[in-house]
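Notes for the structure review
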Amino acid sequence: MPPDTGRTGHGGQDGSRGLDPAGVLVRQITSALAAAGHSVAAAESLTGGRLAMALSDAPGSGATFLGGVVAYATDLKTGLLHVDAALVGEVGAVHPEVAAQMAQGVRALTQATYGLATTGVAGPAPQDGQPVGTVFVAVAAPHATITTQPEPRSGHRNDIQNDAVLAALQLLHDLLRPD
């Protein structure tokens, strides 16, 4: 099998033409991280590994993506990622500060330059008083942590999860500002 050249066969100069929006973002993120000598890691609850899969899919990602933690269980969030247990006890696992602490925790755990995190409710039922479709994503950078609450395009589980991945990638992309 020939080596992966980063081309999709669709003629895009950076190999991104013909990719879905997440694929385009990941290639741009990977390129920007590699150029700066930086890295990223992911902490996921809501997305169940989809963010890590997206980050590992771009050519060259071996030099920039360190790994990920899927922490569905609250005990993993608090124990492994060092999310404040008192915070989770007070507000639940679906909260912007929980997303922020997950991103900070995976960044510290892996020594990555950037940590990305997703938390939310994909259904079928509400969780911690939050309705299905509530999503929080965060990026922890060396000097700041940014969170956002994206609005999924629908209440369908797959859309909620895919849109959370896209929102997390977009948040990191916007922070890095690659062309």
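See the structure printed just above.
The text that follows walks through the structure, step by step, so that each part is easy to find. (Residues numbered from 1 in each chain as written. Predicted model: local features only at pLDDT ≥ 70, side-chain atom pairs only at ≥ 80, totals over all residues. Heavy atoms only, no water.)

This part is about the layout of surface pockets. Reported here for the largest pocket is a volume of approximately 390 Å³. Forming the boundary of the largest pocket are 18 residues, of which Asp-20, Ala-22, Gly-23, Ala-54 and Asp-57 lie nearest the centre. The set of elements that each furnish at least two residues to the lining of the largest pocket consists of helix H1 (21-36), helix H2 (50-55) and helix H6 (157-176). Counting residues per element, the lining of the largest pocket draws most heavily on H1, at five residues. A class-by-class count of the residues in the lining of the largest pocket yields 10 nonpolar, two polar and six charged. (1 Å grid on protein atoms, 1.4 Å probe; cavity = no way out; pocket = protein on both sides within 12 Å on 5 of 7 lines; lining within 4 Å. Points joined across faces, edges and corners; volume = space filled by probe spheres on them. Helix = DSSP H or I, 4+ residues; strand = E, 2+ residues; numbered from the N terminus. Nonpolar A, V, L, I, M, F, W, Y, C, P; charged D, E, K, R; others polar.)

It is worth spelling out the sheet that holds strand E2 (residues 65-70) at this point. Strand order in the open sheet formed by five strands is E2-E1-E3-E4-E5, with mixed pairing between adjacent strands. Of all strands in the sheet, those with a lone pairing partner are E2 and strand E5 (145-148), marking the two edges. Strand-to-strand, the axes of this sheet are offset by a mean angle of 15°, without reference to chain direction. Sheet topology places strand E4 (residues 135-140) next to E5; four bridges connect them, and they run antiparallel. Bridge pairing in E5 links Val-137 to Thr-148. Lying on the sheet, helix H5 (residues 96-110) is in contact with strand E1 (40-44), E2, strand E3 (114-120), E4 and E5; it crosses E3 at an angle near 145°. (Pairing = 2+ DSSP bridges. Axes fitted to C-alpha atoms, helices over the stretch in contact; angles between N-to-C directions. Contact = heavy atoms within 4.5 Å.)

Our focus in this paragraph is the environment of Val-40. Summarising the element assignment, Val-40 is placed in strand E1. As a C-alpha pair, Val-40 and Arg-107 span 67 residues in sequence and 7.6 Å in three-dimensional space. Ignoring any residue separated from it by four or fewer positions in sequence, one finds Val-40 in contact with Leu-33, Leu-55, Thr-64, Phe-65, Leu-66, Gly-67, Ala-112, Tyr-114, Leu-116 and Leu-172.

To continue, consider H1. Between its first and last C-alpha atoms H1 spans 23 Å; for 16 residues at 1.5 Å apiece the expected length is 22 Å, and the two agree. Trailing H1 by a residue or two, Gly-37 shows a phi angle of about 70°, which is positive. (Expected span 1.5 Å × (residues − 1).)

Time to look at H5. The α-helix advances 3.6 residues per turn, and as a result positions three or four apart in sequence lie on the same side. With 15 residues, H5 extends 21 Å from end C-alpha to end C-alpha; this agrees with the ideal 21 Å at 1.5 Å per step. For H5, the set of buried residues is Val-98, Ala-99, Ala-100, Gln-101, Met-102, Ala-103, Gly-105 and Val-106. Looking one or two places after H5, you find Gln-111, whose phi comes out positive at around 65°. (Buried < 20%, exposed > 50% of the residue type's maximum accessible area, 1.4 Å probe, protein only.)

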